[in-house]
Amino acid sequence: MRRLKRFLGWVDRLVHSIRFRLVLWYAVILVGILAALTVFVTVVETRDVHNDVLTRLENRASLLVGRRSFGALLIPDNFVDSNEVLVVTGVDGSVLATQGTAVPQDFVLQALHVWQVQSQQSNLPLSVVALTGNLPSTHTGYYFLVAPVGDRDNIQGFAILGSPLDPGGQLRRLLLTMLAGSLLTLAIALGGGLWLADRAMRPVRTITQAAREISDTDLSRRLNMKGRDELGQLADTFDGMLARLQAAFERQRQFVADASHELRTPLTIVNLETTRALAGKRPAGEYQRALTVIRSENDFMSALVNDLLVLARMDAGQTNVELKPVDLADVAIEAVERLEGLAARNGVRVEIGDLPEAPMRGDRQYLLQMISNLVDNAIKYTTGPERRVCVETGTRERLAWVRVSDSGPGIPPEHLAHIFDRFYRADQARTRGDPENTAAPSGSGLGLSIVQWIAQAHAGQVHVTSQVGEGTTFEVTFPSAEGRAAGVETKEQGT
Ligand code: ADP
């Protein structure tokens, strides 16, 4: 029972497989071709053989027609073959002589009657008349002619000549050979077709098997099929897709791990502070300090959760960037105004440099967040006696740009390539800050990732140049309104 089930399962899989359908179509087409060929060859050959038979019979008949009398009619012994028919009759239909196979008397009379009817119609009494239909059952595959003997006015009798349509069995043999050949060709073609289809489909099975074995926790498997054909390309594409999936999963995992890690520190600090404050009676100043620390950590977590939310939306493609005409200079002024408080607290002077009109198409809210992040960083990280941040905008070569520069400590070259990575902080100790000193810079390392995403969503690029000890300049370029109309993308290389 189990064997039968397994067999039925195999048949079901085979019937639904591509190779079976391929072979089936192949077989249908082949059968069609073979049938057409057989019909064509048989028809042509049958016509040729029948023509030969007719010509032979007519030649024989022409020897008899028009003879004056039976006296002059000397019929040689082997005038017809043994499977042929020759019946010599008198005018009344009485059989005078026969050669070859015999035909019934009825048929003889019927043949003469047909001759009479037809010769009257054609007005040629001495013509040879071919008989079709009403043949004796023993002679169904035969062709008969009736040839009159004697003068037009004085018919002496008749000779009825008959011959099988396929005298040597040639047509039957041809048909059998064609059938046998077709069946053999079909069998070989089917076997070969199945084998070929099976071979061709083998890489597909490998791919299916591999796909089945890959679980979402192990995306490191690759097919590594070397073929350069279509299936090799499919396998390559599959491998590429796996690599991208693996990288995406890895990023996701890292992201969750980093996010949890980032949240753990402030949560631990809040926990410590509250535990310490609740442990016993403390002076009022102590509570104030604890609450300040808790508020600072809370601010940090709010900012972090906000950034995480923005990034998650960006990753999920749920952001709706609406491109409308906007002046980058306007947005820059708004960002600076928003951060004036922070700048004052940090003792940083924010200068607004040249702000000529910089028209572009963009989403004001996102652009505002982008410039705010850059100015916020510049304010946070600027140190030293003369703390200065400069914001400028402008246009050049169909590009609109915004530049934020500071007189801060700069970013060491080894960090420069990574500052746009999520959760990356050039100096972990410094940037996380001192929770008791709210003026100390504290960041989660997400600000620049968001800046980059927003720039890219506007077909823009972020460029950064930094000199350790002197300062850092971030510049973001976008296709200007005019550039977009001309279909120009920013071509400069970002650092
Ligand atoms: P964060 O929230 O830590 O500021 P960002 O993604 O905005 O995260 O920045 C990543 C890192 O790049 C920062 O931690 C900092 O070390 C460095 N960085 C960014 N902007 C500046 C700047 N203007 N000057 C010096 N370092 C900077």
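In this report, the structure presented in the accompanying data block is examined. Being a predicted model, the structure only gives us computed values, none of them experimental. (Residues numbered from 1 in each chain as written. Predicted model: local features only at pLDDT ≥ 70, side-chain atom pairs only at ≥ 80, totals over all residues. Heavy atoms only, no water.)

1. A look at the overall build of the protein
So, point 1. Of regular secondary structure, the protein possesses 13 helices and 12 strands.
So, point 2. For the protein, contacts bridging at least 24 residues in sequence account for 67% of all contacts bridging at least 6.
So, point 3. Carbon together with sulfur atoms contributes 56% to the accessible area of the protein, which is approximately 28700 Å² in total. (Helix = DSSP H or I, 4+ residues; strand = E, 2+ residues; numbered from the N terminus. Contact = heavy atoms within 4.5 Å. Areas by Shrake-Rupley, 256 points an atom, 1.4 Å probe, with all protein chains shown as cover.)

2. Here's the deal with the pairing of strand β1 (residues 85-90)
So, point 1. When you tally the buried positions in β1, you get 6 out of 6 residues, the bulk of the element.
So, point 2. Sheet topology note: the β1/strand β2 (residues 95-100) ladder contains 5 bridges and is antiparallel. Residue pairing for β2: Val88 is matched across the bridge by Ala97.
So, point 3. Taken together, the 6 bridges between β1 and strand β5 (residues 155-164) define a ladder with antiparallel strand orientation. Residue pairing for β5: Val87 is matched across the bridge by Ile160. (Buried < 20%, exposed > 50% of the residue type's maximum accessible area, 1.4 Å probe, protein only. Pairing = 2+ DSSP bridges.)

3. Thoughts on the pattern of salt bridges
So, point 1. Counted under the stated rule, the structure contains 21 salt bridges.
So, point 2. We note a salt bridge from Arg388 to Glu351, for which the minimum N-O separation is 3.5 Å. Placement of the pair is Arg388 in strand β9 (residues 388-396) and Glu351 in strand β7 (residues 349-352), with a sequence separation of 37 residues.
So, point 3. According to the relative accessible area criterion, Glu351 is partly exposed, its value standing at 24%.
So, point 4. Here Glu475 ties to Arg396 by a salt bridge, and the two come within 3.2 Å at their closest N and O atoms. Here Glu475 is found in strand β12 (residues 471-479), whereas its partner Arg396 is found in strand β9, with 79 residues between them in sequence.
So, point 5. We classify Glu475 as buried; its relative accessible area is 11%.
So, point 6. Of the residues examined, Arg396 reaches a relative accessible area of 27% and is grouped as partly exposed.
So, point 7. Salt bridges sharing common partners tie together Arg56, Arg60, Asp81 and Glu84. (Salt bridge = Lys/Arg side-chain N within 4 Å of Asp/Glu carboxyl O.)

4. Concerning the site of the ligand
So, point 1. Around the ligand there are 19 residues in total, and Asn377, Tyr381, Asp406, Ala426 and Leu448 lie nearest to it.
So, point 2. Within the backbone of Ser444, an N or O atom sits 3.0 Å from an oxygen atom of the ligand.
So, point 3. Protein coverage of the free-state accessible area of the ligand, which is 530 Å², stands at 98%.
So, point 4. Of all the secondary structure elements, the ones that give two or more residues to the shell around the ligand are α9 (364-381), α12 (447-457) and β12.
So, point 5. If you tally residues by element for the shell around the ligand, the top one is α9, at 4 residues. (Near = heavy atom within 4 Å. Polar contact = N/O pair within 3.5 Å; in protein donor to acceptor, adjacent residues only side chain to side chain.)

5. Details of the packing of helix α5 (residues 230-278) against helix α6 (residues 284-316)
So, point 1. Where α5 contacts α6, the two axes come as close as 9 Å, and the packing angle between them is 165°. As summarised for this structure, α5 and α6 are arranged roughly antiparallel, according to the angle between their axes. In this structure, α5 crosses over α6, and the sense of that crossing is left-handed.
So, point 2. For the contact of α5 with α6, a count of residues per class yields 18 nonpolar, 1 polar and 6 charged. (Axes fitted to C-alpha atoms, helices over the stretch in contact; angles between N-to-C directions. Parallel < 35°, antiparallel > 145°, perpendicular 65-115°, else oblique. Left-handed = near helix turned anticlockwise from the far one by under 90°. Nonpolar A, V, L, I, M, F, W, Y, C, P; charged D, E, K, R; others polar.)

Spatial relationships are all this shows, so hold off on functional conclusions.
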